[in-house]
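# What the coordinates show
Residues per chain are reported as follows:
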Amino acid sequence: MRTPTSTLSAPDDAKGRLISIFVGAVLLPSIALSYVSVRFTRELTETRIQSDHKRAERTLYYIERDLVQSAHAKALEGARAVGTEVLLDGRQEAVREALEVARLDPTMFQSLHLEAPSIRIAGKSAGGRNKLPEEVRELMAALGSPLQEGEDQVPWLGSDGHPVGLLRFRFSAGYVHRRLVKEYFEREFAGLSQLVLRVSEPDGELLYETAPTPSAKFEVERRMESASFRDLRLALRYKDVSIAGDARRWQLWTLSLIGLIDLTLGAGLYLVYSNVRREMRLSRLKSDFVANVSHELKTPLALVRLFAETLELGRVPSQEKAAQYYRIINKESQRLTQLIDNILDFSRIEAGRKEYRLGRTDVARVVAEVVEAYRFPIEQQGFGLEVEVAADLPAVSADQEALTQALLNLMNNAVKFSREEKAITLRVTTADGFVRIAVSDKGIGVAKSEQRKIFEKFYRAEDSLVHETKGSGLGLPLVRHIMDAHGGRVEVESQPGQGSTFSLVLPVAGGDD
Ligand code: ADP
């Protein structure tokens, strides 16, 4: 007999092509993209740190400006309390007295006086509001005398709201340190949860801070330049996180997101790849199936023809030989029928047209019939067949023909996949509302990794021993379908090289079946 080649399968390099398409079109671009995104994220993190620092520095600049404005407001408040006359006079004792009278801190100013060439201003200011800037410039030019160290000035407005002079003042260091700074920060930053600010002396001595913090933790520092606060240090940090920490956290988050996208992409790729591979495998299995089935059909037919012709031509040496030829013809046609039944049933299942006629069925009888039909041919092949059927089996609700077909498939496989040790055991038991028909052999067995796959259509184990035996890969899927339709299941227990037990498990019929 000629062994047909079973490789009508899809060419092997299709898999290679598939892989190169995936690698070239999807994997490499996505790796490149991830690489670029990771680098970009790193650079962005550095830029972010720098710009956050700059922003913090700008914040300090504005705080200083605000602080200066608040100092000016304080100076004006003090000066107003003192009154124009004393201011113009500029005597500090008089200033102090006036402050005391106004219940203000008498020691707040080291110097305070008003410079106001009021006559000139009064004449010019009549010209209109839009001339003011020029007037101020003239005023400044007129004042001439430069500011001294630590001295500050602020325009002094006349009763009509126009500048009439410059209020020059120098706060006392004690007032700046103890009151001005403290009051400003307490007023402006109390309850501000995000920022922690500190003002310190040039030598580091603490003047005020909004929350106690070790010096090293401050991220940005500014040396104040304004007259009243010259050389004091203004420092800032963010309360819960450092600038770098925040940026790193963002980086980590972004990188995780990239990782997640990569993972999703990888999973998607894997899904597509495994689906395509499955399709390819299925198409290969189908081709194998066609080759196997043609062979399965041809072999028994050839035998039937050969022996029928021999018998017809009367070339049989003895009666026993003739009987043997009849048996072979009978057996081979049974095999044919079984195969064709399987194929037909399978195509019905695929088309969704397979129907089962369930009825109260005596399992012992079905088993006995199968054994009766099967015992002789398999014993002829040297198999020992042991049958154990529990007494008083409950009836099951089953399609008798389908159940017989399922059992025959298991018996056939037990014979097909046995090698030296030819022993088959058929055991029928009942427990927990189920009847179990177990077919055991001592054949080649099924690897654990294949025990699920063998129930898929067309699947045949990747074992060379299996491929010595021809088959369609339809038997077990059919058995599973039959069992599913009966509300039962098919189970396999197997050790490669030791043998297998395939069991049909059927629910016991309800009372009114
Ligand atoms: P076929 O027997 O036509 O190959 P089946 O669907 O009946 O198709 O079986 C599928 C596969 O399951 C077989 O190819 C074989 O690898 C494995 N198998 C089934 N029964 C047995 C058994 N009794 N011992 C070992 N392997 C088995």
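Since the model is a prediction, treat every value here as computed from it, not as a measurement.

To continue, consider the overall build of the chain. Scanning the chain from terminus to terminus reveals twelve helices and 14 strands. The C-alpha radius of gyration of the chain comes to 51 Å, more than 25% above the 24 Å expected for a compact globule of 513 residues. With the C-alpha coordinates of the chain rotated into their principal frame, the extents come out at 155 × 55 × 45 Å. Split into buried and exposed, the 513 residues of the chain put 41% on the buried side. Looking at the chain alone, contacts between residues at least 24 apart form 69% of all its contacts between residues at least 6 apart. Just so you have it, the chain exposes about 29,200 Å², and 53% of that area is on carbon and sulfur atoms. One way to put it: in the chain the 69 positive side-chain charges average out to a point 4 Å from where the 71 negative ones average out.

A separate point is the packing of aromatic side chains. Evaluation of the coordinates by the stated rule reveals twelve aromatic pairs. Relative to Phe171, the ring of Phe169 lies with its centre 5.2 Å away and its plane at 65°, an arrangement referred to as edge-to-face. The pair formed by Phe169 and Phe171 is uniform in burial state, with each residue classed as buried. Connected via pairs of aromatic rings, a cluster forms that spans Phe109, Phe169, Phe171 and Tyr175. Note that Arg489 overlies the ring of Phe434, its terminal NZ or CZ placed 5.2 Å from the centroid.

Another aspect to go through is the sheet that holds strand β2 (residues 152-157). Two modes of strand pairing occur in sheets, parallel and antiparallel, and in both the strands are linked by backbone hydrogen bonds. Read from one edge of the open sheet, three strands run β1-β3-β2, paired in antiparallel fashion. Only two strands of the sheet have a single neighbouring strand rather than two, namely β1 (109-115) and β2. Recorded for the sheet is a direction-independent mean angle of 20° between the axes of neighbouring strands. Here β2 runs beside strand β3 (residues 163-171); their pairing, made up of six bridges, is antiparallel. Each bridged residue has a counterpart across the sheet, and for Leu157 the counterpart in β3 is Pro163.

Okay, helix α12 (residues 475-485) next. What α12 keeps buried is the set Gly475, Leu476, Pro477, Leu478, Val479, Ile482 and Met483. Residues of α12 that are buried in the fold lie against α8 (319-351), α10 (400-416), β13 (489-495) and β14 (499-507).

At a minimum axis distance of 9 Å, the contact between α10 and α12 shows a crossing angle of 145°. Classified by chirality, the crossing of α12 by α10 is left-handed. Every residue of α12 that contacts α10 at Ala402, Leu403, Gln405, Ala406, Asn409, Leu410 and Asn413 is listed here: Gly475, Leu476, Leu478, Val479, Ile482 and Met483. When the residues that make up the contact of α10 with α12 are grouped by side-chain class, the tally is nine nonpolar, four polar and no charged.

Positioned with a positive phi, Asp231 is a non-glycine residue whose angle comes to about 75°. The topology assignment puts Asp231 in the loop between β6 (220-223) and β7 (233-238).

A complete count under the given rule lists 28 salt bridges for this structure. The salt bridge partner of Arg91 is Glu93, with a shortest N-O separation of 4.0 Å. A salt bridge links Asp105 to Arg179; the nearest nitrogen and oxygen atoms lie 3.8 Å apart. Placement of Asp105 in the loop between α3 (92-101) and β1 and of Arg179 in helix α6 (residues 173-189) is noted, with a sequence separation of 74 residues between them. One salt-bridge network, in which partners are shared between bridges, spans Lys74, Glu77, Asp105, Arg179 and Glu183.

For the rest of this paragraph, the subject is the confidence of the model for the chain. Overall, the prediction assigns the chain a mean pLDDT of 84, with 90% of residues at 70 or greater. Ignoring residues within four places in sequence, the model shows residues 1-11, a span with pLDDT below 50, making 15 contacts including any to other chains.

Attention shifts here to the side chain of Glu64. Within the secondary structure, Glu64 is located in helix α1 (residues 13-82). For Glu64, a relative accessible area of 5% corresponds to the buried category. Among the polar contacts listed, one links the side chain of Glu64 to the side chain of Arg222, at a separation of 2.6 Å. Separated by 2.8 Å, the side chain of Glu64 and the backbone nitrogen of Glu225 make a polar contact. In contact with Glu64, not counting residues within four places along its chain, are Arg222, Arg223, Met224, Glu225, Ser226 and Leu234.

Attention now goes to the pairing of β13. In β13, alternate side chains face the same way, and those of Val490, Val492 and Ser494 are buried while those of Arg489, Glu491, Glu493 and Gln495 on the opposite face are not. Sheet analysis places β13 next to β14, joined by seven bridges and oriented antiparallel. Bridge pairing links Arg489 to Val505 in β14. Count of turn residues in the β13/β14 antiparallel hairpin: three residues, of which Gly497 carries a positive phi of about 85°.

With that out of the way, let us pick up the packing of α8 against α10. For any two helices packed against each other, one specifies the inter-axial angle together with the distance between the axes. Packing of α8 against α10 leaves a shortest axis separation of 11 Å and a crossing angle of 125°. Considering their axes alone, α8 and α10 lie oblique with respect to each other. Handedness of the crossing formed by α8 with α10: left-handed. Contacts from Gln338, Asp341, Asn342 and Asp345 of α8 reach α10 at Gln405, Leu408, Asn409 and Asn412. Grouping the constituent residues of the contact of α8 with α10 by class yields one nonpolar, five polar and two charged.

This part takes up the site of the ligand. Neighbouring the ligand are 22 residues; Asn413, Asp441, Arg460, Ser472 and Leu476 lie closest to it. For the ligand, an oxygen atom lies 2.8 Å from a polar atom in the side chain of Asn413. In the environment of the ligand, a nitrogen atom lies 2.8 Å from a nitrogen or oxygen atom belonging to the side chain of Asp441. Bound to the protein, the ligand loses 98% of the 530 Å² it would expose on its own. Only α10, α12 and β14 provide two or more residues apiece to the shell around the ligand. Residues of the shell around the ligand, tallied by class, amount to twelve nonpolar, seven polar and three charged.

We now examine the nonpolar core. Formed by 51 residues in total, the largest nonpolar core has its most connected members in Ile437 and Leu504. Formed by 45 residues, the second largest nonpolar core is a distinct cluster that contains Ile49, Leu76, Phe229 and Ala247.

Reading the values: the criteria
Residues numbered from 1 in each chain as written. Predicted model: local features only at pLDDT ≥ 70, side-chain atom pairs only at ≥ 80, totals over all residues. Heavy atoms only, no water. Helix = DSSP H or I, 4+ residues; strand = E, 2+ residues; numbered from the N terminus. Rg over C-alpha atoms; globule rule 2.2 N^0.38 Å. Buried < 20%, exposed > 50% of the residue type's maximum accessible area, 1.4 Å probe, protein only. Contact = heavy atoms within 4.5 Å. Areas by Shrake-Rupley, 256 points an atom, 1.4 Å probe, with all protein chains shown as cover. Lys, Arg positive; Asp, Glu negative; His and termini not counted. Charge placed at Lys NZ, Arg CZ, Asp CG, Glu CD. Phe/Tyr/Trp six-rings, centres within 6.5 Å; stacked < 30°, edge-to-face > 60°. Lys NZ or Arg CZ within 6 Å of the ring centre and 35° of its normal. Pairing = 2+ DSSP bridges. Axes fitted to C-alpha atoms, helices over the stretch in contact; angles between N-to-C directions. Left-handed = near helix turned anticlockwise from the far one by under 90°. Nonpolar A, V, L, I, M, F, W, Y, C, P; charged D, E, K, R; others polar. Salt bridge = Lys/Arg side-chain N within 4 Å of Asp/Glu carboxyl O. pLDDT = per-residue confidence, 0-100. Polar contact = N/O pair within 3.5 Å; in protein donor to acceptor, adjacent residues only side chain to side chain. Parallel < 35°, antiparallel > 145°, perpendicular 65-115°, else oblique. Near = heavy atom within 4 Å. Core = buried A, V, L, I, M, F, W, Y, C linked by side-chain atoms within 4.5 Å.

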